[in-house]
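Notes for the structure review
Chain residues, written in single-letter form:
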Amino acid sequence: MAKEILNIENLFVEYSNIRGKVKAVRGVNLKLYKGENLALIGESGSGKTTLGTAIIRLLPSSGYIKDGRIVYKGNGNEYDISKFNEKDLRQFRWKEIAMVFQSALNSFNPVLKIWDQIYDTAKAHGITNRGFVRDRAISLLRYVQLDPERVITSYPHELSGGMRQRVLIAMSLLLEPKILILDEPTTALDILTQRNIIELLRTIKADMGLSMIFISHDLSLAAELADRVAVMYAGAIVELGSVEDIFYRPRHPYTLGLIKAVPTVTAGFRELYSIPGSPPDLINLSPGCKFAPRCEYKETECEKDEPKLVEVGPEHFVACFRHKEISNGR
Amino acid sequence: MEDRAIIQLDHVSKSFTVRSGIFGGRKSMQVIGNLSLSIQKGEVLCLVGESGCGKTTTGKLIVGLIKPTSGRILFEGQDIWSMNKDEFKNYRKAVQIIHQDPYSSLNPVHRIYNILSAPLFRHGIVKTRDEAEEKVLELLDRVDLTPPRDFIYKYPHQLSGGQRQRVAIARSLTLNPRFIVADEAVSMLDVSIRLSIIELLRRLKEEMNVTFLFITHDLAMAKYFGWEGRIAVMYLGRIVEIGPTPRVIENPLHPYTKALLMAIPEADPQVTRSKKPMQLRSLDIPSLLNLPPGCTFNPRCPFWIEGTCDREVPDMYEPEKDHYVSCFLFRGK
């Protein structure tokens, strides 16, 4: 078994707002192994982005870690990220874990040229040698198939969406992080650009051997790049397994429903099935399985207790009381 | 064939004026170039293309929200911009649009009742509040917002994204339309909700015999919704390929369509990881302000013929029955 680099233990994250407490992440246990691609998939409000931002402690001001630990294993030591203070975090972000956010345009300062943004980042981490940063930036920009001389003197608005995404990916590699978190890296990009970004991420992984976490609502990104997939629903992981297990042998009714609801283009025409209802309100959660109101396999026990993840195959975990009845896509 | 057409576009072009820089002069940007298209009664036509290709503009031109710079748009054979007032009102009743974003297409300070009853009063379909309420309840029931009494006096923010899109669909049905433009009607919705909206649209099509122009960037959705109809592929304001959906998907002809199908990520690991994407000559889409001469795809096309593709604009060729392609590779075939 590969070595684990990140271990999330029983993590709870909440947001407080006027209506009450939004339980965005509820009791997540998840390991990330060295050199693997892990996809977090789920719909809006499933807690996948909250989980990602909690890992590098960039939750919005209304959000906080209520309980649990995020253990990072690097340089022969173990660190609990959830206990870090601001100074520790500054040392830690970018160098150990970097994140590429969803909206490529909003991640830049619109009035600074790309070079200034890159240099600022380096400077904040104590690297002040302009020549060194410039060389590294140019080689990274070239690596992501951009024309470095042109890009480095451009303002963000002068670049297309795909180019901005490539610049962000290049910047995230600036300080050679061990873990890269990418939030919806291909959403809102054109198909041909999406393909290009996917190929780029594949190359980066092969060349640099980083561990990557992809956050996406898009099953096809997980199908392209993931080694393992965690499916989230209402703040919890409901199924976790290898990409083959999740796509070809799903055991949770929600995973099964998602896969049956997505059309494919080049595979033959097939009938699709939709999941009735809509996701629950994360402020007033009912007891029991959170998917039960939408589930066709529901029994009375499902409404009483919330099922925990159990191992149903090698490294394949499902949180469902009735997983035995759901096999081989039923 | 011609008399069955409900909507026809006859050499339609649309340009917008843009300013370049604060002190720069005005420039004309052609978004739609010489587009001809005929949509038959009862069919589903899917218009697919990437962002900025002009598909939304085409939808807006068809429902009469914007006027073409040149060319004609015909509704049942009549030019919509030379109709008299009554004719235009009839056309506006018959042709409706569902917008992409259910968060911005519904007025946040109006209740569902007001949103859905306004067109009913406006077109004199109902006279009293009781009549309007009855009709609105019926519409909500039709789009599966049940029980309708739970929804009629709510505000849009009290509904989920999927429910809002159902209200937007109900609004498009208020005047018993015969033609609906659905502009990315499911793109903003979650995966699990998307399909139920598609099924709703499909059921309405059967029940009300509505003709659909389904605009999307999602080829898989187009394939699923429009399997029995046609697909038109748009690139930089021109239709490059059009034909029966199964033919376009299984036997794509235009290099751009091929590139899209070979590139599109799919929700099946074995299928998607065995794709061999086409190597394009350039990753960048040319600017609409500075379109390349000849075929607009030529600077990216790996099959381009120097001296032809970069000089002349290809016609529409029909290499197989009802399947048209605008590419010199098919000239004379």
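Summary of the structure given here. Bear in mind the structure is a predicted one, so any value in this text is a computation, not a measurement. (Residues numbered from 1 in each chain as written. Chains lettered and ligands numbered in written order. Predicted model: local features only at pLDDT ≥ 70, side-chain atom pairs only at ≥ 80, totals over all residues. Heavy atoms only, no water.)

To continue, consider the packing of helix H5 (residues 161–173) of chain B against helix H6 (residues 191–208) of chain B. Two numbers describe a pair of packed helices, the interaxial angle and the distance between the axes. Residue and element names in this part refer to chain B. Taken N-terminus to C-terminus, the directions of H5 and H6 make an angle of 15°; their axes are 10 Å apart at the nearest point. In terms of axis orientation, H5 runs roughly parallel to H6. Our pair here, H5 against H6, has a crossing hand that is right-handed. Two secondary-structure elements touch here, H5 through Gly162, Gln165, Arg166, Ile169 and Leu173 and H6 through Ile193, Ser196, Ile197, Leu200, Leu201, Leu204 and Met208. Its residues assigned to classes, the contact of H5 with H6 shows 8 nonpolar, 3 polar and 1 charged. (Axes fitted to C-alpha atoms, helices over the stretch in contact; angles between N-to-C directions. Helix = DSSP H or I, 4+ residues; strand = E, 2+ residues; numbered from the N terminus. Parallel < 35°, antiparallel > 145°, perpendicular 65-115°, else oblique. Left-handed = near helix turned anticlockwise from the far one by under 90°. Contact = heavy atoms within 4.5 Å. Nonpolar A, V, L, I, M, F, W, Y, C, P; charged D, E, K, R; others polar.)

The next point concerns the sheet that holds strand E7 (residues 179–183) of chain B. All names here are of chain B. Spatially, 8 strands are ordered E6-E7-E8-E3-E9-E10-E12-E11 in an open sheet, and the strand pairing comes out mixed. For this open sheet the edge positions go to strand E6 (95–98) and strand E11 (317–320), each flanked by a neighbour on one side alone. When strand polarity is set aside, the average angle formed by the axes of neighbouring strands in this sheet is 20°. Relative to strand E10 (residues 238–244), strand E9 (residues 230–235) is paired through 6 bridges, and the arrangement is antiparallel. (Pairing = 2+ DSSP bridges.)

Disulfide: a covalent bond formed between the sulfur atoms of two cysteine residues. The final tally for this structure, using the stated rule, is 0 disulfides over all chains. Cys289(A) takes part in no disulfide bond, and the closest cysteine sulfur, belonging to Cys302(A), lies 6.2 Å away. On the basis of relative accessibility, which here comes to 14%, the residue Cys289(A) falls in the buried class. The thiol of Cys301(B) is unpaired, and the distance to the nearest cysteine sulfur, on Cys327(B), comes to 6.2 Å. (Disulfide = S-S within 2.5 Å. Buried < 20%, exposed > 50% of the residue type's maximum accessible area, 1.4 Å probe, protein only.)

This part covers helix H10 (residues 253–261) of chain A. Residues three or four positions apart in an α-helix share a direction because the helix packs 3.6 residues into each turn. H10(A) sits mainly inside the fold: 9 of its 9 residues count as buried. Inspection of H10(A) places Pro253(A), Tyr254(A), Thr255(A), Leu256(A), Gly257(A), Leu258(A), Ile259(A), Lys260(A) and Ala261(A) among the buried residues, and these make up the whole buried set. Where the residues of H10(A) are buried, they touch helix H8 (219–225), strand E9 (228–233), strand E10 (236–242) and helix H9 (243–248) of chain A together with H6 of chain B.

Throughout the structure, instances matching the rule amount to 34 salt bridges over all chains. Of the charged contacts in the structure, one is a salt bridge between Glu199(A) and Arg195(A), with a shortest N-O distance of 3.2 Å. Pair noted here: Glu199(A) and Arg195(A) are both in helix H7 (residues 191–208), with a separation of 4 residues, about one helical turn. The partly exposed category is assigned to Glu199(A), whose relative accessible area is 28%. According to the relative accessible area criterion, Arg195(A) is buried, its value standing at 4%. For Glu76(B), the salt bridge identified is with Lys41(B), shortest N-O distance 3.8 Å. A residue pair is termed long-range when its members are at least 10 positions apart, and Glu76(B) in the loop between strand E4 (70–75) and strand E5 (78–79) and Lys41(B) in the loop between strand E2 (26–40) and strand E3 (44–48) qualify at 35 residues. A residue is classified by how much of its surface remains accessible, and Glu76(B), at 36% relative accessible area, is partly exposed. On the basis of relative accessible area, Lys41(B) is assigned to the partly exposed category, the value being 40%. The network of salt bridges with common partners includes Arg142(B), Asp144(B), Arg166(B), Arg203(B) and Glu207(B). (Salt bridge = Lys/Arg side-chain N within 4 Å of Asp/Glu carboxyl O.)

In this section: the pairing of strand E2 (residues 20–33) of chain A. Residues and elements named next belong to chain A. Two elements, strand E1 (residues 4–17) and E2, share 11 bridges in a ladder whose sense is antiparallel. From the neighbouring strand, Glu14 faces E2, where its bridge partner is Lys23. Hairpin geometry of E1 and E2 is characterised by an intervening segment of 2 residues between the two adjacent antiparallel strands.

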